[in-house]
Amino acid sequence: MPDEETAKSPESESTEPCTPETKTKRPPVRKLRVAIVSAVLCALLAGLFGLVFIKDLLRIAADIWIIDQRLPTADAAYVLGGGQQARPFIAAKLYHQGIVPRILVSNPRLTQTDLLGLTRPASKFTINTLKMLNVPDAAIQLIGTNVTSTFEEAKALHDWGRETGATTVMVPTDSFHTRRTHWVMNRLSGSGDFRIHTWAIPAQKFDIADWWTEEEGVIYFQNEVIKYLFYRIKY
């Protein structure tokens, strides 16, 4: 009679396969911890890099944004609406230095107070400023009619260019305004010979070198970025 305690053969043991139901994988805890620590270290390094170099990055951003194309000579200087405490003065300087023989003045739409006679129209203010700076009447020309935007000022300038056969115009304007001005002015000329160049005027209420430290600088820069993107989409 066979011995009941005879060792069982390997074949007689249970060989039930392991399935997801019978075997649960342990989560890769070690790998997860390494990933979390790596992400935290990267975030800390990025923050440290930003704190150390943020000023340089903001300064570089402004330098890239500003388009300053000062030519030795041009057919005219174009004074846009606004910026009356700076733009007419630079235009007069260009005239007296012999860089331009004439100065064009934008003709914006009259305001309600202009119509009531309570305020002086912007174009008249600019022309009077130029005259006070010893620019003769013969060298001043008003262009456009009731313009309300930089785009309409660009159209008025191109109409003048077609009529006169001019090829180059200098536009003195605020530093952060130069990129939008340069793009829209030359957008209308396409591949033609009529080219507009911007003369960057330093800001009066903040220093371009640290524009982010003044509320005026931050607001001006962000507004120009938004307007520039709007112009690229619309025009």
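Colleague: It is not clear to me how the overall build of the protein should be interpreted in this structure. Could you clarify?
Modeller: Counting its regular elements, the protein contains seven helices and five strands. Mapped in sequence order, the helices and strands of the protein form the string α-β-α-β-α-α-β-α-β-α-β-α. Scored against the burial criterion, the 235 residues of the protein give a buried share of 34%. Looking at the protein alone, contacts between residues at least 24 apart form 79% of all its contacts between residues at least 6 apart. Here the protein displays about 15300 Å² of accessible surface, and carbon together with sulfur accounts for 58% of that area.

Colleague: Just checking my understanding: could you explain the pairing of strand S2 (residues 103-108) for this structure?
Modeller: Where a strand is regular, its side chains alternate between the two sheet faces. The element S2 is largely enclosed, with a buried count of six among its six residues. Because side chains alternate across S2, one face comprises the buried residues Ile-103, Val-105 and Asn-107, and the other comprises Leu-104, Ser-106 and Pro-108, equally buried. With three bridges connecting them, strand S1 (residues 76-79) and S2 associate as parallel partners. In the strand pairing of S2, Tyr-78 is matched with Leu-104.

Colleague: Would you mind showing me how to read the packing of helix H6 (residues 178-189) against helix H7 (residues 215-234) here?
Modeller: Pairs of packed helices are described in terms of their axes, by the angle between the two and the distance that separates them. H7 packs onto H6 with a crossing angle of 15° between their chain directions and a minimal axis gap of 9 Å. Taken together, the axis directions place H6 and H7 in an arrangement best described as roughly parallel. Between H6 and H7 lies a crossing whose hand is left-handed. Contacts between H6 and H7 involve Arg-179, Arg-180, Trp-183 and Val-184 from the former and Glu-224, Lys-227, Tyr-228, Tyr-231 and Arg-232 from the latter. By residue class, the composition of the contact of H6 with H7 is four nonpolar, no polar and five charged.

Colleague: Honestly, the pairing of S1 in this entry has me stumped. Any pointers?
Modeller: Residues of S1 alternate between two faces, with Ala-76 and Tyr-78 on one and Ala-77 and Val-79 on the opposite face, all of them buried. As defined by bridge partners, S1 adjoins strand S4 (residues 168-174) across two bridges and the pair is classed as parallel. Paired with Ala-77 across the strands is Met-170, a residue of S4. Between the parallel pair S1 and S2, the chain is carried across by helix H2 (residues 87-96), and the sense of this crossover is right-handed.

Colleague: Quick question: what am I supposed to make of the side chain of Asn-186 here?
Modeller: Along the chain, Asn-186 falls in helix H6. By relative accessible area, Asn-186 is classed as buried at 8%. A distance of 3.4 Å separates the side chain of Asn-186 from the side chain of Arg-195, its partner in a polar contact. Apart from the residues within four sequence positions on either side, Asn-186 is in contact with Arg-195 and Ile-196.

Colleague: Honestly, the sheet that holds S2 in this entry has me stumped. Any pointers?
Modeller: Backbone hydrogen bonds hold the strands of a sheet together, and the pairing may be parallel or antiparallel. Taking strand neighbours across the sheet as the criterion, the five strands line up as S3-S2-S1-S4-S5 in an open arrangement whose pairing is parallel. The strands lining the two open edges of the sheet, one partner per strand, are strand S3 (140-147) and strand S5 (195-201). With strand direction ignored, the average angle separating the axes of adjacent strands in the sheet is 30°. Here helix H4 (residues 122-132) sits on the sheet and contacts S1, S2 and S3; the angle it forms with S2, its principal contact strand, is near 155°. Packed onto the sheet, H6 meets S1, S4 and S5 and runs at close to 170° relative to S5.

Colleague: I would appreciate a short explanation of H6 in the present structure.
Modeller: Each α-helix winds once per 3.6 residues, and so residues spaced three or four apart point in a common direction. Under the 1.5 Å per step criterion, the end-to-end length of H6 is 17 Å for 12 residues, consistent within 8% with the ideal 16 Å. Buried within H6 we find Thr-178, Arg-180, Thr-181, His-182, Trp-183, Val-184, Met-185, Asn-186 and Ser-189.

Colleague: What is the right way to read the nonpolar core from this model?
Modeller: Buried together is how nonpolar side chains tend to be arranged in soluble globular proteins. Ranked by internal contacts, the top residues of the largest apolar core, which has 30 residues, are Tyr-78, Leu-157, Trp-160, Val-169, Phe-176 and Met-185. Put simply, the parts of the chain that give this core at least two residues each are helix H1 (29-65), S1, helix H5 (150-164), S4, H6, S5 and H7. Ignoring anything within four residues of it in the chain, the contact list for Phe-176 reads Ala-62, Trp-65, Ile-66, Phe-206, Ile-208, Trp-211, Gly-217, Tyr-220, Phe-221 and Glu-224. Counting residues in each nonpolar core, the second largest holds 20 residues, with Ala-74, Ala-91, Leu-130 and Met-170 among its members.

Calculation criteria
- All residue numbers refer to position in the chain's written sequence, counted from 1.
- Selection of residues for local features in this predicted model requires a pLDDT of at least 70, selection of side-chain atom pairs for listing and counting requires 80 or more, and totals for whole chains, interfaces and linings are taken over all residues.
- Values shown for side chains rest on all heavy atoms present in the structure; no hydrogens or waters enter the calculation.
- A run of H or I in DSSP counts as a helix once it spans at least four residues, and a run of E counts as a strand once it spans at least two, with each numbered from the N terminus.
- For every residue, the accessible area obtained with a 1.4 Å probe (protein chains only) is divided by the maximum for its type, and the residue is called buried under 20%, exposed over 50%, and partly exposed between those limits.
- Only heavy atoms enter the contact rule, under which two residues are in contact if any of them lie within 4.5 Å.
- Method for areas: the Shrake-Rupley scheme with a 1.4 Å probe, in which residue coverage is limited to the protein chains shown.
- If DSSP finds at least two bridges between two strands, the strands pair.
- Every angle, taken between N-to-C directions, lies between 0 and 180 degrees, and every axis is a line fitted to C-alpha atoms, over only the stretch in contact when it is a helix.
- Should an angle lie under 35 degrees it is considered roughly parallel, over 145 roughly antiparallel, and from 65 to 115 roughly perpendicular; all remaining angles are considered oblique.
- Take the far helix as the reference: if the near one is turned anticlockwise from it by less than a right angle, the crossing is left-handed, and if turned clockwise, right-handed.
- Nonpolar residues are Ala, Val, Leu, Ile, Met, Phe, Trp, Tyr, Cys and Pro. Charged residues are Asp, Glu, Lys and Arg, and all others, Gly as well, are polar.
- Note on handedness: a crossover is taken as right-handed if, strands pointing away from the viewer, the path from the first strand over the helix to the second is clockwise.
- What qualifies as a polar contact is a pair of N or O atoms within 3.5 Å, subject to a donor-acceptor requirement within protein and to the restriction that residues adjacent in sequence count only when both atoms come from side chains.
- For a helix, the expected span equals 1.5 Å multiplied by the residue count minus one.
- Only buried residues count toward a nonpolar core. Its members are Ala, Val, Leu, Ile, Met, Phe, Trp, Tyr and Cys residues joined through side-chain atoms within 4.5 Å.

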